[in-house]
Amino acid sequence: TGSARKATLRLERFALNWLQIDQADAAGATYAGQKLFTAGPDALCSRLGEIDSLAASLQEEGIPCVVSNFAGTSLCNQVLYYGLHQTNDDVLCGFLHVPLLPEQVQGIWSDMPSMELEDQRRGIARVIEGLLRESERRG
(Lines give C-alpha, C1' and ligand atoms only; values in the text may rest on other atoms or scores of the structure.)
Protein backbone atom coordinates (compact mmCIF):
# COMPACT_ATOMS: atom_id res chain seq x y z
CA THR A 1 0.00 0.00 0.00
CA GLY A 2 1.11 3.58 -0.39
CA SER A 3 2.44 5.02 2.82
CA ALA A 4 2.79 8.80 2.71
CA ARG A 5 4.63 9.07 6.02
CA LYS A 6 8.19 8.29 4.96
CA ALA A 7 10.29 7.85 1.82
CA THR A 8 11.34 4.39 2.99
CA LEU A 9 10.02 0.88 2.76
CA ARG A 10 8.63 -0.17 6.15
CA LEU A 11 8.40 -3.75 7.38
CA GLU A 12 5.72 -3.92 10.05
CA ARG A 13 6.52 -5.87 13.24
CA PHE A 14 3.11 -5.88 14.98
CA ALA A 15 -0.59 -5.79 14.14
CA LEU A 16 -3.06 -4.54 16.70
CA ASN A 17 -6.49 -6.03 17.27
CA TRP A 18 -7.96 -2.56 16.89
CA LEU A 19 -9.72 -0.53 14.23
CA GLN A 20 -10.06 3.22 14.53
CA ILE A 21 -10.64 5.44 11.53
CA ASP A 22 -11.56 9.02 12.30
CA GLN A 23 -11.71 10.26 8.71
CA ALA A 24 -14.79 9.10 6.78
CA ASP A 25 -14.20 6.61 4.00
CA ALA A 26 -15.82 6.81 0.54
CA ALA A 27 -19.08 5.45 1.98
CA GLY A 28 -19.00 7.98 4.83
CA ALA A 29 -18.19 5.40 7.52
CA THR A 30 -15.92 6.07 10.49
CA TYR A 31 -14.86 3.71 13.26
CA ALA A 32 -14.61 5.12 16.77
CA GLY A 33 -12.47 2.25 17.99
CA GLN A 34 -13.32 -1.41 18.14
CA LYS A 35 -11.64 -4.81 18.24
CA LEU A 36 -11.20 -6.55 14.92
CA PHE A 37 -11.75 -9.94 16.59
CA THR A 38 -13.58 -9.94 19.92
CA ALA A 39 -11.73 -12.99 21.24
CA GLY A 40 -8.44 -12.29 19.45
CA PRO A 41 -5.20 -11.33 21.17
CA ASP A 42 -4.50 -7.61 21.52
CA ALA A 43 -1.52 -7.82 19.16
CA LEU A 44 0.10 -10.32 16.83
CA CYS A 45 3.72 -10.42 15.71
CA SER A 46 4.68 -10.48 12.06
CA ARG A 47 5.91 -13.83 10.79
CA LEU A 48 8.47 -12.63 8.26
CA GLY A 49 11.47 -14.03 10.09
CA GLU A 50 14.34 -11.75 11.05
CA ILE A 51 12.90 -8.46 9.80
CA ASP A 52 15.61 -6.37 11.45
CA SER A 53 18.25 -8.24 9.42
CA LEU A 54 16.10 -8.02 6.31
CA ALA A 55 15.73 -4.24 6.68
CA ALA A 56 19.49 -3.89 7.32
CA SER A 57 20.33 -5.89 4.19
CA LEU A 58 18.15 -3.59 2.09
CA GLN A 59 19.81 -0.53 3.63
CA GLU A 60 23.23 -1.99 2.77
CA GLU A 61 22.11 -2.14 -0.87
CA GLY A 62 21.08 1.52 -0.74
CA ILE A 63 17.35 0.80 -0.48
CA PRO A 64 15.80 2.83 2.36
CA CYS A 65 14.03 0.38 4.67
CA VAL A 66 13.12 0.42 8.36
CA VAL A 67 11.23 -1.78 10.77
CA SER A 68 8.08 -0.18 12.13
CA ASN A 69 6.41 -1.37 15.31
CA PHE A 70 3.04 0.17 14.52
CA ALA A 71 1.00 -0.27 11.33
CA GLY A 72 -1.59 2.27 12.44
CA THR A 73 -5.20 1.51 13.32
CA SER A 74 -6.83 1.52 9.92
CA LEU A 75 -6.66 -0.54 6.75
CA CYS A 76 -2.96 -1.52 6.76
CA ASN A 77 -3.14 -2.77 10.32
CA GLN A 78 -6.43 -4.51 9.59
CA VAL A 79 -4.97 -6.38 6.60
CA LEU A 80 -1.94 -7.48 8.64
CA TYR A 81 -3.98 -8.55 11.66
CA TYR A 82 -6.46 -10.52 9.54
CA GLY A 83 -3.62 -12.25 7.70
CA LEU A 84 -1.85 -13.23 10.92
CA HIS A 85 -5.07 -14.21 12.70
CA GLN A 86 -6.40 -16.34 9.84
CA THR A 87 -3.21 -18.29 9.00
CA ASN A 88 -1.22 -20.94 10.82
CA ASP A 89 1.93 -19.99 12.70
CA ASP A 90 4.09 -21.77 10.11
CA VAL A 91 2.86 -19.45 7.32
CA LEU A 92 5.11 -16.46 6.56
CA CYS A 93 2.90 -13.43 6.92
CA GLY A 94 3.66 -9.74 7.23
CA PHE A 95 3.14 -6.31 5.76
CA LEU A 96 5.39 -4.01 3.75
CA HIS A 97 4.49 -0.34 3.43
CA VAL A 98 5.75 1.38 0.31
CA PRO A 99 6.04 5.14 -0.14
CA LEU A 100 4.08 7.16 -2.62
CA LEU A 101 5.49 7.55 -6.13
CA PRO A 102 6.89 10.96 -7.18
CA GLU A 103 4.03 11.42 -9.66
CA GLN A 104 1.52 10.83 -6.87
CA VAL A 105 2.84 13.73 -4.80
CA GLN A 106 3.16 16.30 -7.57
CA GLY A 107 1.12 19.41 -7.01
CA ILE A 108 -1.14 19.08 -3.99
CA TRP A 109 1.20 16.80 -1.95
CA SER A 110 4.52 18.13 -3.23
CA ASP A 111 5.94 18.29 0.30
CA MET A 112 5.31 14.56 0.87
CA PRO A 113 8.24 12.13 0.63
CA SER A 114 8.24 9.69 -2.28
CA MET A 115 10.31 6.90 -3.83
CA GLU A 116 10.94 6.06 -7.47
CA LEU A 117 9.14 2.98 -8.77
CA GLU A 118 12.40 1.23 -9.70
CA ASP A 119 13.68 1.61 -6.13
CA GLN A 120 10.40 0.22 -4.82
CA ARG A 121 10.67 -2.72 -7.23
CA ARG A 122 14.24 -3.48 -6.13
CA GLY A 123 13.22 -3.34 -2.49
CA ILE A 124 10.17 -5.53 -2.96
CA ALA A 125 12.26 -8.06 -4.91
CA ARG A 126 14.83 -8.17 -2.07
CA VAL A 127 12.06 -8.67 0.51
CA ILE A 128 10.66 -11.57 -1.54
CA GLU A 129 14.15 -13.08 -1.81
CA GLY A 130 14.50 -12.78 1.97
CA LEU A 131 11.16 -14.52 2.46
CA LEU A 132 12.21 -17.34 0.17
CA ARG A 133 15.40 -17.79 2.20
CA GLU A 134 13.36 -17.78 5.42
CA SER A 135 10.97 -20.35 3.96
CA GLU A 136 13.88 -22.61 2.95
CA ARG A 137 15.44 -22.20 6.40
CA ARG A 138 12.21 -23.32 8.03
CA GLY A 139 12.01 -26.33 5.68
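Summarised in this report is the structure supplied together with it. Since the structure is predicted, the reported quantities are computational estimates derived from the model, not experimental observations. (Residues numbered from 1 in each chain as written. Predicted model: local features only at pLDDT ≥ 70, side-chain atom pairs only at ≥ 80, totals over all residues. Heavy atoms only, no water.)

1. With respect to the nonpolar core
As a reminder of what qualifies: Definition of nonpolar core: a set of buried residues of the types Ala, Val, Leu, Ile, Met, Phe, Trp, Tyr and Cys, connected through side-chain atoms within 4.5 Å. For the exposure calls, accessible area comes from a 1.4 Å probe over protein chains only, and a residue counts as buried if that area is under 20% of its type's maximum, exposed if over 50%, partly exposed in between. We count a stretch as a helix when DSSP gives it H or I for four or more residues in a row; a strand needs E for two or more, and each element gets its number in order from the N terminus.
Within the largest apolar cluster, twelve residues are counted, these being Leu9, Leu11, Leu48, Ile51, Leu54, Ala55, Leu58, Ile63, Cys65, Val98, Met115 and Val127. For this core, the secondary-structure elements that each account for two or more residues are strand 2 (9–12) and helix 1 (51–60). Broken down by element, this core gets its largest block of residues, four residues, from helix 1. One finds Leu36, Phe37, Tyr81 and Leu84 within the second-largest nonpolar core, a separate group that totals eleven residues.

2. Structural notes on the packing of aromatic side chains
So the rule is basically this: Planes of paired rings set the category: under 30 degrees apart is stacked, over 60 is edge-to-face and the rest tilted, where pairs are Phe, Tyr or Trp rings (Trp by its six-membered ring) whose centres lie within 6.5 Å.
On inspection of all chains with the given rule, the structure shows two aromatic pairs. Note on Phe37 and Tyr82: the rings are 5.0 Å apart at their centroids and 55° apart in plane angle, and the pair reads as tilted. Taken as a pair, Phe37 in the loop between strand 5 (31–34) and strand 6 (43–45) and Tyr82 in helix 2 (residues 75–86) lie far apart in primary sequence, 45 residues in all. Judged by relative accessible area, which is 19%, Phe37 ranks as buried. One aromatic cluster in this structure is built from Phe37, Tyr81 and Tyr82.

3. A look at the environment of Leu100
Along the polypeptide, Leu100 turns up in the loop between strand 8 (96–99) and helix 3 (102–105). Take Leu100: its relative accessible area is 8%, and that puts it in the buried class. Residues Leu100 and Ser114, spaced 14 residues apart in sequence, show a C-alpha to C-alpha distance of 4.9 Å.

4. Some remarks on the side chain of Arg10
Using the following cut-off: A 3.5 Å cut-off defines polar contacts: any pair of N or O atoms within that distance qualifies, except that in protein one atom must be a possible hydrogen donor and the other a possible acceptor, and neighbouring residues in sequence count only when both atoms are side-chain atoms.
Tracing the chain through its elements places Arg10 in strand 2. Within the local environment of Arg10, its side chain forms a polar contact with the side chain of Glu12, the two groups lying 3.1 Å apart.

5. Observations regarding the pattern of salt bridges
The condition that has to hold: Any carboxyl oxygen of Asp or Glu that lies within 4 Å of a side-chain nitrogen of Lys or Arg is treated as forming a salt bridge with it.
This model, assessed by the stated rule, comprises ten salt bridges. Between Arg121 and Glu118 there is a salt bridge, with its nearest N and O atoms 3.7 Å apart. One end of the pair, Arg121, and the other, Glu118, are both in helix 4 (residues 117–138), three residues apart, so they sit about a helical turn from each other. Residue classification places Glu118 among the partly exposed positions, given a relative accessible area of 45%. A salt bridge links Arg138 to Glu134; its shortest N-O distance comes to 2.9 Å. Taken together, the residues span about one helical turn, with Arg138 and Glu134 both in helix 4 at a distance of four residues. On the accessibility criterion, Arg138 (38% relative accessible area) is partly exposed. Several salt bridges share partner residues, and in doing so they unite Glu61, Arg126 and Glu129 into one network.

6. Details of the state of the cysteines
Quick note on the threshold: Note on terminology: pairs of cysteine sulfur atoms within 2.5 Å are recorded as disulfides.
The final tally for this structure, using the stated rule, is zero disulfides. Cys65 carries a free sulfur, and the closest cysteine sulfur to it, the one in Cys76, is 15 Å from it. For the unlinked cysteine Cys93, the closest cysteine sulfur is that of Cys45, found at 11 Å. The class of Cys93 is buried, set by a relative accessible area of 13%.

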